[in-house]
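The chain contents come next:
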Amino acid sequence: TSYTDTGLTGGEAHIYTVRALRDDNGVVLSGFDENGIVGVAKLNTPKLSAAKVVDRGQIKVTWKKVTNAEKYRVYRKTGDGDWERIDDVKGTSYLDTDLELGETYTYTVRAIQTVNEKTDLSGFNEKGVSATMKLEAPRIDSVYSDAKKRATITWDPVESADGYRVYCREKGGKWEEIGDVDAETLVFTQKKLTSGKDLPSTSLVPPTTFAMAYEQA
């Protein structure tokens, strides 16, 4: 007294009806419900593309279009917390704003369709996609020293940075903070450089270990 129809497109409606059958030396069929009953295949789960930091306090989430979806429901969580519904949108992207620096945010999405005046939701990707709200690492442009035992470093600007924190180290030692500059300053000179100081190189030392962008609280 049941039948499973397979290979259907998610969100697509089909109308079904049934006849009773008796076959002993001949086929005898009952009548049937001419109106039938409508069945709608469950929407496919959206395929998540990415979650990316696009500006200060902003992460953009993208996913693939789901056939027959009318809208999409976006969820967010931090850490091991529960999913929180944050918005319904018609497109295949969502811009989350006013986010906290240093926090990692995870997102997932459900497709939505209205069936018989009721909201039908697809499944969702339980793992989700994540992005950490942080500034881009500065890229060192040049570094050089002169006869007066001074080292000068320059770097490229980082969008949304309030300033830059500069580090240096002795060979084989730990990185030490040596100064801060504002967002408009892209050069730093360390005076009275002692012998044995490890001068950063764009080819030998990762840029993130010497000049670091920071954001004021």
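Now for a look at the structure at hand. All values reported here derive from a predicted model rather than from experimental measurement. (Residues numbered from 1 in each chain as written. Predicted model: local features only at pLDDT ≥ 70, side-chain atom pairs only at ≥ 80, totals over all residues. Heavy atoms only, no water.)

1. Details of the sheet that holds strand β14 (residues 151-155)
Pairing within the open sheet is antiparallel, and its 3 strands lie in the order β13-β14-β17. Looking at which strands have only one partner, the edges of the open sheet turn out to be β13 (140-145) and β17 (187-190). Within this sheet the neighbouring strands show an average axis-to-axis angle of 10°, counted without direction. Here 4 bridges tie β14 to β17, and the two strands are oriented antiparallel to one another. The residue bridging Ala 151 from the neighbouring strand is Gln 190, located in β17. (Pairing = 2+ DSSP bridges. Helix = DSSP H or I, 4+ residues; strand = E, 2+ residues; numbered from the N terminus. Axes fitted to C-alpha atoms, helices over the stretch in contact; angles between N-to-C directions.)

2. Overview of the pattern of salt bridges
Scanning all chains against the criterion turns up 7 salt bridges. Close ionic contact of Glu 177 with Arg 165 constitutes a salt bridge, the shortest N to O distance being 3.7 Å. In this pair, Glu 177 sits in strand β16 (residues 176-182) while Arg 165 sits in strand β15 (residues 163-170), placing the two residues 12 residues apart along the sequence. Take Arg 165: its relative accessible area is 26%, and that puts it in the partly exposed class. Asp 180 serves as the salt-bridge partner of Arg 165, at 2.9 Å between the closest nitrogen and oxygen. Remark: Asp 180 occurs in strand β16 and Arg 165 occurs in strand β15; sequence separation between them is 15 residues. Since its relative accessible area comes to 38%, Asp 180 is described here as partly exposed. In this structure, a network of salt bridges that share partners links the residues Arg 73, Arg 85 and Asp 88. (Salt bridge = Lys/Arg side-chain N within 4 Å of Asp/Glu carboxyl O. Buried < 20%, exposed > 50% of the residue type's maximum accessible area, 1.4 Å probe, protein only.)

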